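Listed below are the residues making up each chain.
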Amino acid sequence: MESISHSLIAYDVLEKRIINSGFCTLCGACEAACPTSALHIQKEKVERLHDCSEDIDICPICYEICPHSEALLLRSLSFVADAPVKNEALGYYRKIVLAQAVDQKLREQSHGGAVVTSLLKYGIETKFFDSAIVSQTEPENPAKPKPAVALVPDDILSAIGSKFFPSSVAKAYGRAVYGHGKTSIAFVGVPCHVLALRKMEAWQHKIIDHLKITIGLFCFGSFSLNSLLDYIEEEYKIKSSDIKRLRVASKFEVHTGNGVTQIPMREIEKHILPSCRTCTDFASELADISVGSAYPLPDWSTVIIRTKAGEDFFYDAVANGVINTWVIEQEPKVYERIVMAAMQKRKVALKEAKEMEEVYGYLPVLMLRETDALAEIKVEDIMATNITTVPKDMTVRQFLDYVAIHHHISYPIINEKGEPVGWATLEEASSVPKTKRDTTLISQISRRKPVVVYTDETALDAFKRMSENETGRVLIFDRANPRKLLGIVTKTDLMHTLTKQC
Ligand SMILES: Cc1cc2nc3c(=O)[nH]c(=O)nc-3n(C[C@H](O)[C@H](O)[C@H](O)COP(=O)(O)OP(=O)(O)OC[C@H]3O[C@@H](n4cnc5c(N)ncnc54)[C@H](O)[C@@H]3O)c2cc1C
Ligand code: SF4
Ligand code: SF4
Ligand code: SF4
């Protein structure tokens, strides 16, 4: 069963597992989504401004929507899972093409085909969306990303190019909704940023109604800002204020008024954020449109179109003469390179996750997509058998007290014959008004029916049934005695299994 540690306030878990363990990539989703405005990113850290438990007694939001928690992954995946192609390395998609901005000046300024900038500019000009979340740079520190709400084409043009440090774009998304009153927003970010937005969508957070389209960037990792800039200053005597541009090619390039300094990637790998080492998503697998470089072609980008919304918008821009396209099948080296990069990132991350679990005692987040390995495993070999259930006549108040003692967020509800009849979840119980908690039974508010898998079935069957039913857990029965509950398998169990396989 899924555990939330020692509290019904998710911040305690977020602080322990993500922030203090060094897994935060400063996306700002927790700040944007917090219902009590308790969180704020300052000085490269998430801080809690006041003790939210004084305002609210139960709140799972910040931990669940954090891209580095294990929550909501399957539901997030469902937003792209209807695409016709499922590729082991690149995720679900409709089409892959090469593309570039028709405007040559834009291509010269970007690190690739300037496709993202062209799409955003086109979308604002045609009022396809009313604003876009971009990452500009701080005027006094040109290396430091400054997340911004772009309202006019000039805001978009000033954000062109990649910044290889964390950018709090999800926080800027919250500002677009609450500060600017925007209702149709384009969002650009690296895969963990896109995952944070998808998790908010899965959570049905009210701010997500205003999301129009997500453009995800390919990502090998982000560097820790202070750590890398201090290193460059110490080793290469380059002050951060003198840096005009940073670029990743075969080496890491630092551009200043005095020329270009090239640093081997290996030398600075240690400054990559800890979360990136366990991140399996290279190609922004949950975005509507994903964009990365098209190496070795210098001024082209690779575009992966995943959703119908992404396809319609992209080809509208193509039809209106903003973007040129080219068939990737004619450039096998480009395709091979992105597939290899994605496979390599996934392989390294799975291995690293296993090692980190030993250090931290829990599993850093993994994208649950490599399902084929699960076909070899029987559910009975991985199911948990120490099942904690709750009776169907338990009140919501009693249930919340029970949760505080047992530290799980969901429990099978059983009837008087011991048969499972539903699931009781913290999420549903916490939505019952305090005045009604003594008189409402958990069986009255339970929306989730038990999803069943039999002991002779595989972990892949369990995974498929979780996906079909949009649930993170299934109950295991013996076919010969279909009334006796034998065990439970959760998506976390499946992730453990995958890591062990790796
Ligand atoms: C940290 C990082 C690592 C990357 N690693 C790879 C890689 O290994 N392989 C690969 O093929 N591509 C990688 N990319 C993507 C690549 O650098 C280009 O961003 C992508 O090809 C789009 O190119 P473009 O010319 O269309 O974008 P442009 O037209 O130049 O637009 C780039 C857009 O990205 C946004 N942006 C820039 N930096 C950030 C950031 N840190 N966070 C959120 N948004 C940002 C800007 O707001 C801008 O709108 C990485 C990008 C980043 C930010
Ligand atoms: S109110 Fe909720 S989202 Fe905000 S800090 Fe507390 S637990 Fe996190
Ligand atoms: S939601 Fe984003 S900012 Fe908040 S803890 Fe997670 S990674 Fe950090
Ligand atoms: S490697 Fe993953 S965790 Fe790191 S910045 Fe990129 S998407 Fe985020």
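Along each chain, residues carry numbers from 1 onward, in the same order as the chain's sequence is written. Note on labels: chains are lettered from A, ligands numbered from 1, in written order. Since the coordinates come from a predicted model, pLDDT governs what is reported: local features require at least 70, and pairs of side-chain atoms require 80 or more to be given and counted, while whole-chain, interface and lining totals use all residues. Hydrogens are left out, water is left out, and the side-chain values use all remaining heavy atoms of the structure.

What the protein contains, in helices and strands, is 20 helices and 21 strands. The reference for a compact globule is 2.2 Å times residues^0.38; the radius of gyration itself is calculated from the C-alpha atoms. Its C-alpha atoms give the protein a radius of gyration of 24 Å, near enough to 23 Å, the size a compact globule of 502 residues would have. Considering only C-alpha atoms, the protein reaches an extent of 75 × 50 × 45 Å along its principal axes. What makes two residues a contact is simply this: any of their non-hydrogen atoms within 4.5 Å. Counted over contacts in the protein with a minimum sequence separation of 6, partners at least 24 positions apart contribute 67%. Secondary structure counts use DSSP, requiring at least four H or I residues in a row for a helix and at least two E residues in a row for a strand, with both numbered from the N terminus.

A separate point is the site of ligand 2. Consider each residue's heavy atoms; a residue with any of them within 4 Å of a molecule or strand counts as near. Around ligand 2 sit I9, A10, Y11, C34, P35, T36, L39, C52, C59, I61 and C62, and that is every residue in its neighbourhood. Residues are grouped as follows: Ala, Val, Leu, Ile, Met, Phe, Trp, Tyr, Cys and Pro are nonpolar; Asp, Glu, Lys and Arg are charged; all remaining types, including Gly, are polar. Here the residues of the shell around ligand 2 sort into ten nonpolar, one polar and no charged.

With that out of the way, let us pick up the pairing of strand β5 (residues 95-101). When a strand is regular, its side chains alternate between the sheet's two faces. Relative accessibility under 20% of the residue-type maximum defines a buried residue, over 50% an exposed one, and the middle range a partly exposed one, all with a 1.4 Å probe and only protein chains included. Of all seven residues in β5, six are buried; the element is thus mostly enclosed. Note: two strands are recorded as paired if DSSP finds a minimum of 2 bridges between them. Bridge analysis of β5 against strand β14 (residues 301-305) gives five bridges, and the strand direction is antiparallel. Residue pairing in the sheet places A99 in a bridge with S301 of β14. Here five bridges tie β5 to strand β15 (residues 323-327), and the two strands are oriented antiparallel to one another. Bridging across to β15, A99 finds its partner in T325.

For the rest of this paragraph, the subject is the nonpolar core. Of all hydrophobic cores here, the largest spans 46 residues; its most connected members are Y11, L14, I133, Y173, L197 and M200. For this core, the elements supplying multiple residues, two or more each, are α1 (10-19), α2 (29-33), β1 (39-42), α3 (61-65), α8 (169-178), β8 (185-189) and α9 (191-203). Filtering out sequence-adjacent residues up to four positions away, I133 remains in contact with A148, V149, V169, A172, Y173, A176, I185, A186, F187 and V188. Side-chain atoms within 4.5 Å are what join buried Ala, Val, Leu, Ile, Met, Phe, Trp, Tyr and Cys residues into a set we call a nonpolar core. With 27 residues, the next largest nonpolar core counts V116, Y122, V188 and F313 among its residues.

Attention now goes to the site of ligand 1. Within the structure, ligand 1 sits among 33 residues, and A114, T117, S135, S162 and K163 are positioned closest to it. Residue S110 places a side-chain N or O atom 3.0 Å away from an oxygen atom belonging to ligand 1. Between N or O atoms, a polar contact is any pair within 3.5 Å; within protein, one atom must be a potential hydrogen donor and the other a potential acceptor, and residues adjacent in sequence are included only when both atoms are from side chains. At 3.4 Å from an oxygen atom of ligand 1 is found a main-chain nitrogen or oxygen belonging to G113. A 1.4 Å probe and the Shrake-Rupley method give the accessible areas. Residues count as covered only by the protein chains that appear here. Summarising the interface, the protein chains cover 95% of the accessible area of ligand 1, which totals 900 Å² for the free molecule.

Right, let's talk about the sheet that holds strand β21 (residues 481-490) for a bit. Within a sheet, adjacent strands bond to each other through the backbone by hydrogen bonds, running parallel or antiparallel. Pairing is mixed in the open sheet, where three strands are placed in the order β19-β20-β21. Looking at the sheet topology across the chains shown, the edges are occupied by β19 (452-454) and β21. Mean inter-strand twist for the sheet, computed between neighbouring axes without regard to direction, equals 40 degrees. With six bridges connecting them, strand β20 (residues 473-478) and β21 associate as antiparallel partners. Here the axes come from fitting lines to C-alpha atoms, over the contacting stretch only for helices, and the angles between their N-to-C directions go from 0 to 180 degrees.

Let us look at the side chain of S284. Within the secondary structure layout, S284 lies in the loop between α12 (274-277) and β13 (289-293). Look past the residues within four positions of S284 in its chain and what remains in contact with it is G189, V190, P191, V194, G216, L217, S290 and R306.

Below, the discussion takes up the sheet that holds strand β17 (residues 410-414). Here three strands make up an open sheet; going across it, the order is β16-β17-β18 and the pairing mixed. Because the sheet does not close on itself, it has two edges, and the strands there are β16 (390-391) and β18 (420-425). Pairing geometry for β16 and β17, over two bridges, is parallel. Note on β17: the bridge partner recorded for V390 is I413. Docked against the sheet, helix α16 (residues 396-406) engages β16, β17 and β18, running at close to 130 degrees with respect to β17.

Working definition: rings of Phe, Tyr and Trp (its six-membered ring) pair if their centres are within 6.5 Å, and the pair is stacked with planes under 30 degrees apart, edge-to-face with planes over 60 apart, and tilted otherwise. The tally for this structure, following the rule as stated, stands at twelve aromatic pairs. Taking the centre distance of 5.6 Å and the plane angle of 90 degrees together, the rings of F399 and Y411 count as edge-to-face. Of the two residues, F399 sits in helix α16 while Y411 sits in strand β17, which places them twelve residues apart along the sequence. Exposure remark for Y411: the relative accessible area of 0% places this residue in the buried category. Geometrically, a charge over a ring is one whose NZ (Lys) or CZ (Arg) sits within 6 Å of the ring centre while staying within 35 degrees of the ring normal. One Lys or Arg, K212, reaches over the ring of F128 and ends 4.7 Å from the middle of that ring. Looking at R473, its charged tip hangs above the ring of W423, at a distance of 5.2 Å from the centre.

Multiplying one less than the number of residues by 1.5 Å gives the expected span of a helix. For helix α10 (residues 225-236), built from twelve residues, the straight-helix expectation of 16 Å at 1.5 Å per residue is met to within 8% by its first-to-last C-alpha distance of 16 Å. Listed as buried for α10 are L225, L228, L229, Y231 and I232. The buried side chains of α10 occupy one side of the element, clustering within an arc of 155 degrees when seen end-on. Phi turns positive, to about 55 degrees, at K237, one or two residues after α10. Each C-beta atom gives one direction from the helix axis, and the arc is the one those directions make.

Judged by how many residues are buried, β18 sits mostly within the fold: five of six residues are covered. Here β17 pairs with β18 via five bridges, running antiparallel. Considered in β18, the bridge of Y411 is made with A424. The turn joining β17 and β18, which pair antiparallel and follow one another in sequence, is formed by five residues; a positive phi near 85 degrees is taken by G418.

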